[in-house]
Amino acid sequence: MENANTAPRLPRKRRSLAQELVTVLSEQIRDGQLKRGDKLPTESAIMDAHGVSRTVVREAISRLQAAGQVETRHGIGTFVLDTPSPSGFRIDPATVVTLRDVLAILELRISLEVESAGLAALRRSDEQLAAMRAALDALNESAAHAGDAVASDFAFHLEIALSTGNRYFTDIMTHLGTSIIPRTRLNSARLAHDDQHHYMNRLSREHEEIYEAIARQDSDAARAAMRLHLTNSRERLRHAHEEAEAQRG
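Residues numbered from 1 in each chain as written. Predicted model: local features only at pLDDT ≥ 70, side-chain atom pairs only at ≥ 80, totals over all residues. Heavy atoms only, no water.

Let us look at the nonpolar core. Counting 30 residues, the largest nonpolar core has M132, F156, I160, I210, I214 and M226 as its most contacted members. Counting only elements with at least two residues in this core, the list comes to α4 (99-123), α5 (126-144), α6 (150-163), α9 (196-215) and α10 (219-248). Ranked by the residues each element gives to this core, the list is headed by α4, at 9 residues. Setting aside residues no more than four positions away along its own chain, I210 makes contact with F156, I160, A225, M226 and H229. M47, V57, V80 and L112 belong to the second-largest nonpolar core, a separate cluster that totals 27 residues. (Core = buried A, V, L, I, M, F, W, Y, C linked by side-chain atoms within 4.5 Å. Buried < 20%, exposed > 50% of the residue type's maximum accessible area, 1.4 Å probe, protein only. Helix = DSSP H or I, 4+ residues; strand = E, 2+ residues; numbered from the N terminus. Contact = heavy atoms within 4.5 Å.)

Laid out in structure tokens, this is it:
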């Protein structure tokens with residue numbers, strides 16, 4: 001019988017396993033499973049728990065360090081630096097349940113992620129660009145096989161925040177979590193009266209334009225591509241919201 005306390009093993013697909021591990025550990029910190037001052041499990045323990053290599057674990061911890069969530073004390077271990085206070089800024093995913101809620105989240109994301117994309121274009125490293133590419137490849141693979149693309153979609157946007165070099169962009173994105181992706185709450189393709197395959201292809205093109213602008217370090221184009229991507233999502237859902245309101249009226 002499986003031990004209920006065993007950590008969920010990460011899917012062994014072609015994706016950024018390091019970013020998947022970052023997401024899991026960040027959620028444990030955000031949810032209070034790992035508290036300020038707690039020592040993270042050893043590299044070997046994390047490898048066994050999640051079925052990943054030592055290289056993946058070290059990369060994930062490096063990203064958590066860059067985000068200001070943990071610090072490594074040589075010869076001692078890695079410790080949690082910050083656990084968000086319940087009274088602090090946080091959006092409970094359970095409250096993001098209506099079209100109006102999702103639209104409000106998209107408005108917040110536009111104000112945040114447009115500038116994040118511009119800064120990422122100027123500051124990203126080759127390793128961070130490779131992590132974005134891996135997230136997009138995983139997203140495209142999931143879409144091609146009708147899989148759950150939410151984790152890789154969020155990983156792409158979180159990697160952009162990490163690439164700004166500004167921990168506060170990363171903090172806000174981590175607090176928001178996967179609830180920022182409309183598909184976690186709604187069937188966006190159906191609401192937009194679009195075929196699921198066509199809808200995912202359109203999202204893929206929008207993501208690729210963001211990636212390409214960041215790759216060539218064109219900050220203005222990166223901002224424009226991110227604004228277009230998020231505005232398109234907002235407008236698709238806004239039209240659906242208006243239709244729903246009209247039907248109720």
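Glancing now at the pairing of strand β2 (residues 77-80). Successive side chains on a regular strand alternate, one facing one side of the sheet and the next facing the other. Here β2 shows no split at all, with G77 and F79 on one side and T78 and V80 on the other all buried. Counted between consecutive antiparallel strands, the loop separating strand β1 (residues 70-73) from β2 contains 3 residues, among which G75 sits at a positive phi close to 85°. (Pairing = 2+ DSSP bridges.)

Looking at the protein as a whole, its pLDDT mean stands at 78, while 73% of the residues score no less than 70. Per-residue pLDDT stays below 50 along residues 1-6; that stretch engages in 0 contacts with residues further than four places along the chain or on separate chains. Below a pLDDT of 50 lies the segment residues 84-88, which in the model reaches 3 contacts outside its immediate sequence neighbourhood of four places, other chains included. (pLDDT = per-residue confidence, 0-100.)

With 14 residues, α6 extends 20 Å from end C-alpha to end C-alpha; this agrees with the ideal 20 Å at 1.5 Å per step. The element α6 is largely enclosed, with a buried count of 13 among its 14 residues. At the exit of α6 stands G165, carrying a positive phi of roughly 75°. (Expected span 1.5 Å × (residues − 1).)

Attention now goes to helix α2 (residues 43-50). Within α2, the full set of buried residues consists of I46, M47 and H50. Down the axis, α2 shows its buried residues gathered within 105° of arc, on one side only. Trailing α2 by a residue or two, G51 shows a phi angle of about 65°, which is positive. (Arc of directions from axis to C-beta.)

Our next topic: the packing of aromatic side chains. Going through the model one piece at a time under the given rule, you end up with 0 aromatic pairs. The ring of Y211 carries R133 above its face, with NZ or CZ at 4.8 Å from the centroid. R167 extends its terminal NZ or CZ atom over the ring of Y168, reaching a point 5.5 Å from the ring centre. (Phe/Tyr/Trp six-rings, centres within 6.5 Å; stacked < 30°, edge-to-face > 60°. Lys NZ or Arg CZ within 6 Å of the ring centre and 35° of its normal.)

Once that is clear, we can look at the packing of α4 against α6. For the pair α4 and α6, the least separation of the axes is 7 Å and the interaxial angle reads 60°. With respect to each other, α4 and α6 are oriented oblique. Here α4 and α6 pass one another in a crossing that is left-handed. Touching R109, E113, S116, A117, L119, A120 and R123 of α4 are H157, I160, A161 and S163, all from α6. Looking at the contact of α4 with α6, its residues break down into 5 nonpolar, 3 polar and 3 charged. (Axes fitted to C-alpha atoms, helices over the stretch in contact; angles between N-to-C directions. Parallel < 35°, antiparallel > 145°, perpendicular 65-115°, else oblique. Left-handed = near helix turned anticlockwise from the far one by under 90°. Nonpolar A, V, L, I, M, F, W, Y, C, P; charged D, E, K, R; others polar.)

Here we come to the pairing of β1. In this sheet, β2 lies alongside β1 in antiparallel orientation, the contact comprising 4 bridges. Residue pairing for β2: V70 is matched across the bridge by V80.

This part takes up the packing of α6 against helix α7 (residues 167-176). Packing of α6 against α7 leaves a shortest axis separation of 8 Å and a crossing angle of 155°. Relative to α7, the element α6 lies roughly antiparallel. Only F169, T170, M173 and T174 of α7 make contact with α6, whose side of the interface consists of F154, H157, L158, A161 and L162. A class-by-class count of the residues in the contact of α6 with α7 yields 6 nonpolar, 3 polar and no charged.

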